Structures are given as C-alpha cells and as structure tokens.
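Below, each chain spelled out in residue letters.
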Amino acid sequence: MRNKPLTPWLFLAPSVLGFAAFTLFPIVFSLALAFCAWDLFRPPRWVGWDNFQQLLGFTVREAPSIPPGLGVILLAVCLVLAAGVILRLRGGVRLGLAVGIAAVAIFVLLQFLEPVNERFWYYTGNTFYLLLGLPLSMACSLGLAVLLNQTIPGRNLFRLAFFLPSIVGGVGIYLLWKWIFNTDYGLINSVISLVHPAGGPAWLESRAWAKNALIIMNIWATAGGANMVLYLAALQNVDPQLHEAACLDGAGKWHQFLAITWPMVSPTTAFILIMGIIGGFQGGFDAAYVMTRGGPAGATTTLSYFIYENGFRYFYMGRAAAASWILFVMVLGLSLLNWKWMSSRITY
Amino acid sequence: MWKWRSWIDGKWSARGSRPSPLRRGRTALLAQAPPARQWSAVTATRSFLGILLLLAVAGCSRSAVNEEPVTLRLMSAGGYNRTAEEEAVARFRAKNPGIQVEFMQAPGRDYYVKALATIAAGSDLDVLWMGSGFGLFSWRDALLPLDDFLRDDADFSIGLYQDAVVDWYRHRGVLLGLPYGIDVQAMVYNRAAFDAAGLPYPTPDWTFDEYVEMARRLTAFGKMNAGACRYGAGVDKIAPHYFGVSLLSEDGAKSGFHGKAAREWLDTNVKLLRGERSFLRVGAQGTLDRLSEFLQGRVAMVEAYSWDVGDLRDRARFPWVLMVNPLGRDGQRAGWASSSGFAISAKTKYPREAWHLLKELVGAEMQVKLMATTVPARTDLQARYLETNDIPGANLSAFLEMLPYVKIAPRIPELLEVSQENDYWFELALQGDDKTEDIMDRLEHSTNLILSTSPARQ
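Please read all numbers here as calculations on a predicted model, not as lab measurements. (Residues numbered from 1 in each chain as written. Chains lettered and ligands numbered in written order. Predicted model: local features only at pLDDT ≥ 70, side-chain atom pairs only at ≥ 80, totals over all residues. Heavy atoms only, no water.)

### Thoughts on the overall build of chain B
Then, in step 1: When helices and strands are tallied, chain B shows 19 helices and 13 strands.
Then, in step 2: By residue count, 48% of the 458 residues in chain B fall in the buried class.
Then, in step 3: For chain B, the exposed area adds up to about 22,600 Å²; of that, 54% sits on carbon and sulfur atoms. (Helix = DSSP H or I, 4+ residues; strand = E, 2+ residues; numbered from the N terminus. Buried < 20%, exposed > 50% of the residue type's maximum accessible area, 1.4 Å probe, protein only. Areas by Shrake-Rupley, 256 points an atom, 1.4 Å probe, with all protein chains shown as cover.)

### Looking at empty space enclosed by the protein
Then, in step 1: If you walk through the whole model with that rule in mind, you get one cavity of 30 Å³ or more.
Then, in step 2: The calculated volume of the largest cavity comes to roughly 50 Å³.
Then, in step 3: Lining the largest cavity are A:Arg313, A:Tyr314, A:Phe315, A:Tyr316, B:Leu116, B:Leu136, B:Arg140, B:Pro413, B:Glu414, B:Leu416 and B:Glu417.
Then, in step 4: Split into classes, the residues belonging to the lining of the largest cavity amount to seven nonpolar, no polar and four charged. (1 Å grid on protein atoms, 1.4 Å probe; cavity = no way out; pocket = protein on both sides within 12 Å on 5 of 7 lines; lining within 4 Å. Points joined across faces, edges and corners; volume = space filled by probe spheres on them. Nonpolar A, V, L, I, M, F, W, Y, C, P; charged D, E, K, R; others polar.)

### Regarding the domain arrangement of chain A
Then, in step 1: Entries for chain A in the domain assignment read domain 1 (58–115) and domain 2 (123–343).
Then, in step 2: The C-alpha-based centres of domain 1 of chain A and domain 2 of chain A are spaced at 35 Å. (Domains from an automatic or database assignment.)

### Quick look at the domain arrangement of chain B
Residue and element names in this part refer to chain B.
Then, in step 1: The domains assigned to chain B are domain 1 (3–182 + 339–391) and domain 2 (184–336 + 411–457).
Then, in step 2: The interface is formed by 19 residues belonging to domain 1 together with 15 residues belonging to domain 2.
Then, in step 3: Of the roughly 1,600 Å² buried where domain 1 meets domain 2, counting both sides, 62% is carbon and sulfur surface.
Then, in step 4: Summed over the three residues of domain 1 that lose the most area to domain 2, namely Tyr 80, Trp 139 and Ile 391, the buried surface amounts to 34% of that side.
Then, in step 5: Seen at the junction of domain 1 and domain 2, the total is zero salt bridges.
Then, in step 6: At the boundary of domain 1 and domain 2, one finds three residue pairs in polar contact (both at pLDDT 80 or more).
Then, in step 7: Grouping the constituent residues of the side of domain 1 that touches domain 2 by class yields eleven nonpolar, seven polar and one charged. (Contact = heavy atoms within 4.5 Å. Buried area = accessible area lost by both parts, 1.4 Å probe. Salt bridge = Lys/Arg side-chain N within 4 Å of Asp/Glu carboxyl O. Polar contact = N/O pair within 3.5 Å; in protein donor to acceptor, adjacent residues only side chain to side chain.)

### What to know about the nonpolar core
Then, in step 1: In terms of nonpolar packing, the biggest core is built from 199 residues, with B:Leu128, B:Phe137, B:Tyr211, B:Phe279, B:Met301, B:Trp320 and B:Phe342 touching the most fellow members.
Then, in step 2: Ranked by residues supplied to this core, first place goes to helix α17 (residues 317–343) of chain A with eleven residues.
Then, in step 3: In this structure B:Phe137 touches B:Tyr112, B:Ala115, B:Leu116, B:Ile119, B:Leu128, B:Met130, B:Ala142 and B:Leu143, once residues within four positions along its chain are discounted. (Core = buried A, V, L, I, M, F, W, Y, C linked by side-chain atoms within 4.5 Å.)

### Digging into the packing of aromatic side chains
All names here are of chain B.
Then, in step 1: The full count for this structure, using the stated rule, is 50 aromatic pairs over all chains.
Then, in step 2: With centroids separated by 5.6 Å and ring planes inclined at 75°, the aromatic side chains of Tyr 111 and Trp 129 adopt a geometry described as edge-to-face. Residue Tyr 111 is located in helix α4 (residues 111–120), and its partner Trp 129 is located in strand β3 (residues 127–130); the two are separated by 18 residues in the primary sequence. Per residue, the accessibility class of Tyr 111 equals that of Trp 129, and both read buried. (Phe/Tyr/Trp six-rings, centres within 6.5 Å; stacked < 30°, edge-to-face > 60°.)

### Considerations on the interface of chain B and chain A
Then, in step 1: On the side of chain A, 36 residues touch chain B, which itself brings 32 residues to the contact.
Then, in step 2: Buried surface at the junction of chain B and chain A, summed over both partners, amounts to about 3,100 Å²; 46% is from carbon and sulfur atoms.
Then, in step 3: Taken together, chain B and chain A are joined by five salt bridges.
Then, in step 4: Between A:Arg293 and B:Asp110 there is a salt bridge, with the nearest N and O atoms lying 3.9 Å from each other.
Then, in step 5: Where chain B packs against chain A, one counts ten residue pairs in polar contact (both at pLDDT 80 or more).
Then, in step 6: When residues of the side of chain B that touches chain A are traced back to their parent elements, those giving at least two are α4 and α18 (415–431) of chain B.

Set out below in structure tokens:
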C-alpha cells in the first residue's frame, strides 16, 4: 500500500496551527464558556442553559394585558388560520399570510409573557435598525460609481475625494461627527436654524434621533469607499455595446440602468449585501463607544456593544459568550436567507 | 517512459523503467555501506529524557546565575497624583536601591476595568490605586490581605489613620488596602454671579428648596442678561440623598429606589433638567464637564470635590466660595464621599516589596503633597489641610464640615452594572416617553434582579 505523502502537510502546518490556535480553539472555548459563569478570577462554573435563558428567556407576566380566556381564543384562531393557509392556499400570498398570522400569534403571546432580559431584545432591535443604512449606503455607492464611471475632467480627483473618508481613521470621524451633531453648536443644526427657528433635533441626545445620526454618519463614511470601488470595477465590465444597442432601440438612461446596468452588477450587489450584513451585525461598537457610550438610554447600544459591556466591563464572560453565539446564529441565518434570495436574482 | 521518483518517499513510481547511470552508482554505493543504525523505541525514549534533563539543569543554573532585578509595577489613574506618586517612588527607591518601579497608567473612566483585566490576566501588577471601585476587587479576591504585614511591621502605625476611613478598605473583616486621602463633596458658587443677580449668598443652613429657588432665579437672570451665568446650577443628576434615598440599601443587597421619595426625586430631576431647564445637565452630550462649565462662567453653582481645589485656585477668573451641601427634604445633610488609597494585587510575586512601596504611597509625605486635592487620611495631618490650602474667602473648611455627614456607598462587585442601570433608566426618564412611576418601578426591579442573579456573588 502506498504511504500518503507528508510534504503537503508540512507546508500547511504553519497555517493550520495558526488557525487552530487563534481561531478554532477560541471558537470552541467560547462555545464551552457560553454554558459557564466565569469572571476571570475564579474557575468557570457550569450553569447549563442559564446564560441563554437569561438572554432569550421569557417569564409569565404578573398582570397580563388581556384576559387569559380571550388570549387563548385568539391563539386558537391563529393556529387554525395558519393550518388553513398552509393546506389550502397556493402561490406567493401564502408566505405573506403565514407571516402575518405568526406575527399576530406572537403579539398575543407577548401579552402573557415578558422577556427576562427585555434590554437584550431592544439592543437586537437597535442592531437591525442600524442595518437599514446598508441599502442606502449601497445605493449611494452605486450612484457615485455610475457618476464616476463617466469620462469627465478631474475624474480621478473626484474618485480620490470620495474615497478619502473611508481611509481616515475611525475615531477621528466619530469625534468630528460628534461635534457636527452637537445640538447647540453643531454644523447641521446651525444650518437648520437658518430656515427653521426652533433648530434641529437633539441628535445624539435624543433616543429617537441617535440611531438615525449614526446611519447618516455611516453613509457618509462608506458610500465612497470600497463598495464604490467594487461597483466601479463591475461597471467597467459591462459591455458598452449593450448600452449602444439599447440606445438605438430608444431606451432612456433610466431604462438602460434598470434593464442593463443593475442586472449586470447584481453579483457585486450580492457580495456587498452579504458582507454588509455580516459587518453590520458585528459593527456599531466603535461609533457607540466614542460618540454616545451606548446612550442615550441604550438607544445606540448594539449587540456587539452589549457583548463588550458584559465581557469587559462587568466581567460576565459566560453571558458575553452566550450573546456572541446568539449573534453568530443571527448572522448565519440572515446570510443564508440572503444567499437563497439573491441566488435567483443574480445575472451572470 | 520515465516517471520521477519521489525523493522524500523513497519509492519508485516508475514501472518498468531503467535507472539512470547516476542512480545505478548510488545504489551500488548504498549496497556497500554498513547497515544504518536502527533506532529502537527504548533508545528514542532515553534520548528524549536525556535532552529534558539537560534543559532542566540549564534552566536551573541559568536562574541561579542570572537573577533579574526586582521590578514592581504600579498602576494608577495618573492626573493630579502623578507627581506625588513619582516622589513617593523616589523615596522608596532611595531606601531600596535594588528595586525598580514601573508606572502603568490607565485613563480615569476605564481605570477599574483595566486594573481588573490586568490582574485577571495574570500580568505583572503589584500595587494599584484604589478608590470607590474597591468592591469590584474585594469580592473577586483580587487584593492581598494586609493584616499580617501590619502585625509584623512595627514601623507603620495604623492608629494614626482615621478609623472610619480605614474601614472603607475592609472586606469581611480583612484589610485589603490603605487610604491616603478622603475625597469629599460640597457645593461651590460663583460669588460674582450672585452679586450681579442681587441674590443673597447661600448659608450653612440652606435647604434644598432654597438651593433650587436660587438656581431658578439665577437662570432667569442669565436669560435676560448677556454675559451673566446662563444657568443657576449644573448637575449630572440631582443627588438622591436630598430626598432621603440612595442607589442601594445600606447592606448593598437591594435597590434603594422605592417609595414616594424615590418617585419625587425622579420627578424633580425631570422637571428641573428637562422641563424648566433651570439646571444644566453637565457632562451630557453637548455640554462640558461640571467643573469646566463652572470655570467658564456658564453655571453659577456646581458640586465641588476635594480634588477640584487646585483647578479652582488656578483657573477661576471670578471669586468663588465653597459651601456645605443644602439640607435635604428629610431635614438631613448628606454628601458623596470616597477614599483614595492603594492596595496590593493578590497575584503579586513580591508581596513584601510591594508592602514597603505601599507604605510610602500612603505615608505622611504623600498625604502632605496631596493636600491640595484630598483631605489627609491621617488625623494628625487633617489640621494642616486648611493651612496648606489657604485661599482667602474660599471657605475650604466646608470640606471638613462635610466629613461627619458623608455616606460611603456600599462596596459591591456589581457597582459598574448597577450604576449603568441607574443611568439607563434616568436617561429614559429625561427623554419623557414614559411615566416616572413606571420607570422607578422598573429601575427598582432591574437593580434587584442584577443584585440577586449576579455571578460575582455565587
């Protein structure tokens, strides 16, 4: 029998060892830690599912918002409707109806149950809310790429100017925007007060506006960055003959964009979307730490900031590890959904 | 057809191929060479053990021959204390020439987190500054007990230190740190602002309601007169002790925010900070810190701490006066206080040397040097506090007059989390979206939940 060659393993060894030591082992360790309570000083103590239960668990409300009898009836109606929808209806409307019925069922359940850690769900909501900036940022990147793909004088200078914010250090940008958003002296409110005497909103001091402020800042910082460069490359791969043919057929610019440009850059869009979702879930920490410290009243606290606080301020390592794995499951789930959704919409 | 032999595997991969002349010669040479030594498992094991033994001997002899000098690592927040700490270290090194001392500095806001992480990671940290975050360390057994050192060291007299302040560094009867100073809080007001508004100055028996009324009138005056103090008073939040409540119960086991008084405290904060805006919320988004707002003349009254004296003396461009805290609505006077001191890390490799350094850092010379920023912990030095900080008209005796009224917060391991929780609900109340009654109930509930489920106590 032939012996297997040793050479490939020797060449792979440094990379594999590094991966095992700095990636695989910490991942496995964090999974084990998610089931323990550990404050770095005393040995880890096995607590089973406690950490997950404290984050995701529900308890019965002391005073339900609606009478129990009515709640049970509503739940039963939801179940019957859901069964009917699944069994009888066909077509795309089935998914929408099923989602609607599920939402009603969850709403009814929440009148009887309350989360053990309501703040965790709020921070999860913050994380999803901040992801709303992603499509806006992508749209701006694509728009800038389309504009910068034209042959205009000083095109390279414009490309540099739009790309610069993405390479400036993060903390510098956050401190700059912290002053731009200042309620009394900030640039934005100073301009707003010229046309509106009451002035602008209390951006970073207001629970309603703090997240929107971070979204605006993020769009400014990322619109002209790597995404724009990726779109530029994609646009340059679009065959100009397609545009010429469309033009000859009488298609306008907007129609050409929808029918030719947008489908041709769909692979790039899919990539940017997935990377943006992953980055969006993991991000939000640095801006919150520098600008708002997660406030006001937790309005800018994301899951990553929550993990940092629990792990490195309160030294609840087990809880932080559990939250990390919950975050991982969310990112994985969304990425898979996105992949499935986009796979039928990508044009090669 | 030739196929290349794999020289690592030592196998012929060709079938029916004729070896090259070079290979034929090599094969012949190998056939004549003596048989290769056979390595048995026993031989390999003996060789391995021999190498281990050699390494162990080399390691021992190395440590015996090349002893590194003792280096102590001292962590503090720096700032005002840095010069005094350097002088204390210089005195220590003069008495112990073979010992090096390395400074580690951590920014004020994250000092406790960094110190805890450094100790937890097993990094070399020997002596560390210790203040109100003592509970974070004591509950986690992160500090070295000092009772044995005190018993064995006749040169150090703990009796000279104020008993109540030394007790702040005891955990379950064990002494884990030593103080050099007492940080006290009083009020400071801008005398020129009061003169301009035509208001009488605060007096020692002033009440909380009088304080609020003065602030309202100063704010109203500031709105109408350019150049005057814009706000009568500036606070991060109005202290709960004016309403007879506190963040935690006496034993630190549950929330102190319950009942009518707590709701009244929150309602007053919302009214003054958000509704009327007669108080400026300092340190929040868009405002400077408490002392800067006062020194810039934007705010007429703020809370003052003993460490502010130097800045007040050097940077204020108007006459200022300290005053004891107003009497609360319950008729009692109270104020924040803490102690500044040093402790030894439980993981130090040089406990005896660290003890000697600690003695220098909390000794008489250090306390005299820091009299501008903190009231000395030694009772024999407290009388010199006013002589040292002789600022005419400033009434620095207000800090000493507050000493009998100070309430030290319970030293709990969840201090950061409970404070953060309190800040969260407080900010939520200021947003005005929820009823203060609901917020107080939820604050009490969530604080009790944190304390009852804290892994640090289990």
